[in-house]
Amino acid sequence: MSITNYAELETAIADFLNRDDLAAVIPTFVKLAEADMNRRLRHWRMESRSTALLDTRYTALPQNFIDAVRLQITGPDGVQRLELITNSELMDKRQATDVAATPRFYLIQDSAIEVYPAPDQDYDLEMTYIASLPQLQTNSTNWLITYHPDCYLYLSLIHISEPTRLD
């Protein structure tokens, strides 16, 4: 049995289940498997790049953002890597001085990147980050099902096998 896309995955899951009454909920279990993999899996194929204009204290994260790998800005002084700090450290720095300058630190919160100090001019922000898996229900295929279809099959079946889900 070959599993190279979403339709073949659904067929494989149905074959393993051998239960017609669960066919309608197979897509839900595939989504649960993808959510589980997005929480646990970190692979170089999940790395993505995005650029944004950094002109305020807060900049929206890409919609598929899971975790930062590297954030850097480009300005008149060249490329500068931003350092991740905690919310407590950021509040301490803002309390000590809150003057706009070249950002040096960042924090992820509320679906945004908060930088310190606030930008004194426009900067180009380059983000390298862990992106969520492209969902099979809208893409039909992705790198994980191409190289490791067993992950999808196994985790979908694991979620189906949880007793509370079959009642």
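Worth saying up front: this structure is predicted, and the values here are computed from it rather than measured.

A.B. asks: I would appreciate a short explanation of the overall build of the chain in the present structure.
C.D. replies: For the chain, the count of helices and strands is seven helices and eight strands. A compact globule built from 167 residues would reach a C-alpha radius of gyration of about 15 Å, whereas the chain, at 21 Å, exceeds it by more than 25%. Seen along its three principal axes, the alpha-carbon backbone of the chain occupies a region of about 65 × 30 × 20 Å. Looking at the 167 residues of the chain, the share that counts as buried comes to 36%. For the chain, long-range pairs separated by at least 24 residues make up 63% of all intrachain contacts whose partners lie at least 6 apart in sequence. In the chain, 14 side chains carry a positive charge and 24 a negative one; their mean positions are 4 Å apart.

A.B. asks: Explanation requested: the environment of Arg 104 in the structure shown.
C.D. replies: Within the secondary structure layout, Arg 104 lies in the loop between α3 (87–96) and β6 (105–109). Taking the C-alpha atoms as reference points, Arg 104 and Phe 29, separated by 75 residues in sequence, lie 42 Å from one another. Those residues within four positions of Arg 104 in sequence are excluded, and the remaining contacts are Gln 80, Arg 81, Leu 82, Glu 83, Tyr 116 and Pro 117.

A.B. asks: Honestly, the sheet that holds strand β5 (residues 83–84) in this entry has me stumped. Any pointers?
C.D. replies: The pairing of strands in a sheet comes from backbone hydrogen bonds and takes either a parallel or an antiparallel form. The sheet built from four strands is open, its strands ordered β2-β7-β6-β5 with mixed pairing. Looking at strand neighbours, the two that pair on one side only are β2 (58–60) and β5, the edges of this open sheet. Alignment of β2 against strand β7 (residues 112–116), held across three bridges, turns out to be antiparallel. Within β7, the residue paired with Thr 59 across the bridge is Ile 113.

A.B. asks: How should the pairing of strand β8 (residues 123–131) be read in this particular structure?
C.D. replies: For β8, the tally of buried residues reaches seven of nine residues, placing the bulk of the element in the interior. Direction of pairing for strand β1 (residues 47–54) relative to β8: antiparallel, over a ladder of eight bridges. Paired with Arg 49 across the bridge in β8 is Thr 128. Examined bridge by bridge, strand β3 (residues 65–75) and β8 share eight bridges and lie antiparallel to one another. Note that in β8 the partner of Ala 68 across the bridge is Tyr 129.

A.B. asks: Any chance you could explain unusual backbone geometry here in plain terms?
C.D. replies: Excluding glycine, a negative phi dihedral is what most residues carry, and trans is how most peptide bonds are arranged. A cis amide bond, omega -10°, links Tyr 116 with the succeeding residue Pro 117. Mapped onto the elements, Pro 117 comes out in the loop between β7 and β8. The backbone of Ser 111 shows a phi angle near 60°, a positive value even though the residue is not glycine. Examined against the element boundaries, Ser 111 turns out to sit in the loop between β6 and β7. We note that Ser 140 has phi near 70°; this positive angle belongs to a residue other than glycine.

A.B. asks: Looking at this structure, how should I read the nonpolar core?
C.D. replies: One broad rule of soluble globular proteins: the nonpolar side chains tend to lie buried together. Counting residues in hydrophobic clusters, the biggest one holds 23 residues, and the most contacted among them are Leu 9, Ile 13, Val 30, Met 37 and Tyr 152. Every element with two or more residues in this core is listed here: α1 (6–17), α2 (26–40), α5 (143–147) and α6 (149–161). Aside from chain neighbours lying at most four places away, what touches Met 37 is Leu 133, Leu 144, Cys 151, Tyr 152 and Leu 155. Counting 15 residues, the second-largest nonpolar core is a separate cluster that includes Leu 61, Leu 82, Tyr 106 and Met 127.

Parameters and conventions
- Residues numbered from 1 in each chain as written.
- Predicted model: local features only at pLDDT ≥ 70, side-chain atom pairs only at ≥ 80, totals over all residues.
- Heavy atoms only, no water.
- Helix = DSSP H or I, 4+ residues; strand = E, 2+ residues; numbered from the N terminus.
- Rg over C-alpha atoms; globule rule 2.2 N^0.38 Å.
- Buried < 20%, exposed > 50% of the residue type's maximum accessible area, 1.4 Å probe, protein only.
- Contact = heavy atoms within 4.5 Å.
- Lys, Arg positive; Asp, Glu negative; His and termini not counted.
- Charge placed at Lys NZ, Arg CZ, Asp CG, Glu CD.
- Pairing = 2+ DSSP bridges.
- Core = buried A, V, L, I, M, F, W, Y, C linked by side-chain atoms within 4.5 Å.

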